[in-house]
Amino acid sequence: MALLVIKDLRAAIDEKEILKGINLTVDAGQVHAIMGPNGSGKSTLVQVIAGHPGYQVTSGEIWFKGQNLLDLEPEERAQAGVFLAFQYPVEIPGVTNAYFLRAAYNEQRKARGLEEVDPIDFLDLLEARLRLVEWGPEIMQRAVNSGFSGGEKKRNEILQMAVLEPTLALLDETDSGLDIDALRIVAQGVNALRRPDNAFVLVTHYQRLLNHIVPDVVHVLADGQIVRSGGKELALELEARGYDWTTERAATAGAAR
Amino acid sequence: MIEPYLRQFDAFAANGGSTSPAWLQQRRAAAIESFRRSGLPSTKDEDWRFTSVAPISRGDFSKSPEPSRVSLAELEPYLFGQPDWPRLVFVNGIFDPGLSTEHPRQTSLRRGLDTAPADLEPHIGRHGPTDTTPFSSLNLALAKDGAWIRIPAGVVEPAPIHLLFVTTPEASDAGVHSRSVIVVEAKARAQFVESYLTLRGAPRHLTNTVIEMSIGEGAWVEHSRIQRESEAGFHIGLTHVDQSADSHYRSFSLAMGASLARHDLQTRLNAPEAEALLYGLYLGNRDQLVDNHTSIFHDHPRCRSWEVYKGILDDRAHGVFNGKIFVTPLAQQTDAKQTNRALLLSDTARVDTKPQLEIFADDVKCTHGATVGQLDPMWAFYLRSRGIPADQAHRMMVAAFAAEVLDEIASEPVREALRGVVAQRLDRLG
Ligand SMILES: Nc1ncnc2c1ncn2[C@@H]1O[C@H](COP(=O)(O)OP(=O)(O)OP(=O)(O)O)[C@@H](O)[C@H]1O
Ligand SMILES: [Mg+2]
């Protein structure tokens, strides 16, 4: 069953078109990987799905659980079950991780008509999630991402994902800049959260993440379009041959049209 | 217009003031003379460049407030849930013994002058001309009362001492001048909380208050000043602190009341190895003007000062911050750091911030940083992408900005209460 359906999505920033007609369908239970050269629009795509207000969507639809996400505010998308692990997580001085996560968790519960949890019950829930990312409780008293190393920030994104349990998780280069242990932890976080009714979209440059999290579909995004899609072998082929051959074909295909 | 104040002084000198000790009469006469010469400040004065006191100059606050009484129940919300803390209460500038927990070393200035004036002589109006302002001169000339506290050498005060300066509508169009003297002797430790608040309405009055504090060798003082007076009124305050060797002074100042608020905080590090930590938070909305002038004088070697002031301004509010740090040639190995950050929540709010470092020693570590900014939209998107609604995200970020200084309040009940007060106020701002 399709969980996410993107139709002819075009988006621009400062008048410059970045996404040039994206079509993508992600079924429940699937893992999709999006690869592609720097600057091709991968982050733009996932940020537009999450509702970043800096982009102008000029056409298209993003269907998720029967709603066009483009009609929703970013917080409503999150409450509906969309989660974006940022390529560059934001530092928020003065707000502790504990406070932030509980606020987010409770807002999502409220939006779904559930009761808020008190700090004590939340702590219990948190403990299990912290174990998943192999972190002690100290991290919760630190300001969100403030002074975190690059790898710690990525791990914090996975912790947030584990607490919020999204239906659609978009991970933007969560594997970049990770040491081997951290990579394993990120992968183990994702694998632990996989369920038949949710889906993951992993933006990555490296096959090594896909050794741990085996994708159902791999896409190549180049110059704002998905130029190629295939099975997990596509990632291996990209690793071996680079992107040039995929974009050449796209150019030829474009010229033929 | 200063004539009404000169007449007020003449009348005061003729009756009430004439019974005070001769040395005080002399100091008062010198102060009014200084005020007569300076007049009220104008924006041509460097220290008042961004702060026009025209609304005060245009008015006449030479009248004394009508007497007024308040009940303990009315004060209750302002006691930080700590009714047992020792307290001195002044209503429209007049000491209220019924609401206070008086004892011989924690009493009113007036009582001190009546019973043992010689004890006060070294402490009243002792700071030099560079540390006075036209308002503090007027205050010295006219102040009838205030707190008089002495913590003897080596004594550790178990609980904060709360000074409450309350105004009521009976102070409308009047001037409330209070002057307090706090002496913390060598190796003593004490906490002071100083509250300015208005009950029962929003009178338009002039509060003009001065605190003179001296801190003995090795003594340790924590001081929170909370100004939440009527937003129709004017609040002018000066705190002057003299520190001895190896003493520790930590100040937190919250300014959120009055239509025009100015606080001068001066600390003189008068001996080696003294330390001053100054934290401040100022909040302005509508047309409020909130001005903080701090001066730290490093006159001796190996002293340390650390200062963080933050402002949050909305609507057409105007913030002013001026941070002077003087380091004399004698003050080698000074370690001074100053930070001022302001957050503007509207396009029409503004802040004028000016660090003023004058350093005449060579072996020093002095830094300052000032930033003025708006909320980073990336913060908002990050919080919203986690399901936190836009308005709550906004509040969280503003509260987080304030938290950095609120967290520095030494007394936990005060810290907790002010977090609530500030959050409530920021809700109104947002
Ligand atoms: N504010 C902006 N103004 C103009 N161009 C922008 C702006 N922000 C992003 N872009 C451009 O949009 C394009 C797509 O950027 P995006 O971050 O989506 O790429 P990406 O595929 O995620 O790249 P990477 O692999 O390096 O993370 C880039 O060419 C980038 O320079
Ligand atoms: Mg990217």
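Everything numeric here is computed off the predicted structure, so don't read it as measured data.

With that out of the way, let us pick up the interface of chain B and chain A. For interface size, the figure often reported is the accessible area lost on association. Of the residues lining the interface, 16 residues belong to chain B; the matching set on chain A comes to 33 residues. Between chain B and chain A, roughly 2000 Å² of surface is buried when both sides are summed, and carbon and sulfur atoms account for 68% of that area. Summed over the three residues of chain B that lose the most area to chain A, namely F381(B), Y382(B) and R386(B), the buried surface amounts to 39% of that side. The tally of links between chain B and chain A comes to three salt bridges. For R386(B), the salt bridge identified is with E157(A), shortest N-O distance 2.7 Å. The interface formed by chain B and chain A contains 12 residue pairs in polar contact (both at pLDDT 80 or more). Class assignment for the residues of the side of chain B that touches chain A results in 11 nonpolar, three polar and two charged.

Another point: the coordination of the magnesium ion (ligand 2). Residue and element names in this part refer to chain A. In the first shell of the magnesium ion (ligand 2), the protein supplies S43 (OG) and Q87 (OE1), at 2.0 to 2.2 Å from the metal. Linking S43 in helix α1 (residues 42-50) with Q87 in the loop between β6 (82-85) and β7 (92-96), this pair joins segments that are 44 residues apart in sequence. Both residues of the pair, S43 and Q87, belong to the buried class.

Take the confidence of the model for chain B next. Per-residue confidence for chain B gives a mean pLDDT of 95, with 99% of residues at or over 70. Across the predicted assembly, pTM comes out at 0.87 and ipTM at 0.94.

Residues and elements named next belong to chain A. Ligand 1 sits among 15 residues. The nearest are G39, K42, S43, T44 and H205. K42 is positioned with one of its side-chain polar atoms (N or O) 2.7 Å from an oxygen atom of ligand 1. T44 places a polar side-chain atom, nitrogen or oxygen, 2.5 Å from an oxygen atom of ligand 1. Taking 650 Å² as the accessible area of ligand 1 by itself, protein coverage stands at 66%.

Conventions used here
Residues numbered from 1 in each chain as written. Chains lettered and ligands numbered in written order. Predicted model: local features only at pLDDT ≥ 70, side-chain atom pairs only at ≥ 80, totals over all residues. Heavy atoms only, no water. Contact = heavy atoms within 4.5 Å. Buried area = accessible area lost by both parts, 1.4 Å probe. Salt bridge = Lys/Arg side-chain N within 4 Å of Asp/Glu carboxyl O. Polar contact = N/O pair within 3.5 Å; in protein donor to acceptor, adjacent residues only side chain to side chain. Nonpolar A, V, L, I, M, F, W, Y, C, P; charged D, E, K, R; others polar. Donors = N, O, S within 2.8 Å, 3.2 Å for Na, K, Ca; no water. Helix = DSSP H or I, 4+ residues; strand = E, 2+ residues; numbered from the N terminus. Buried < 20%, exposed > 50% of the residue type's maximum accessible area, 1.4 Å probe, protein only. pLDDT = per-residue confidence, 0-100. Near = heavy atom within 4 Å. Areas by Shrake-Rupley, 256 points an atom, 1.4 Å probe, with all protein chains shown as cover.

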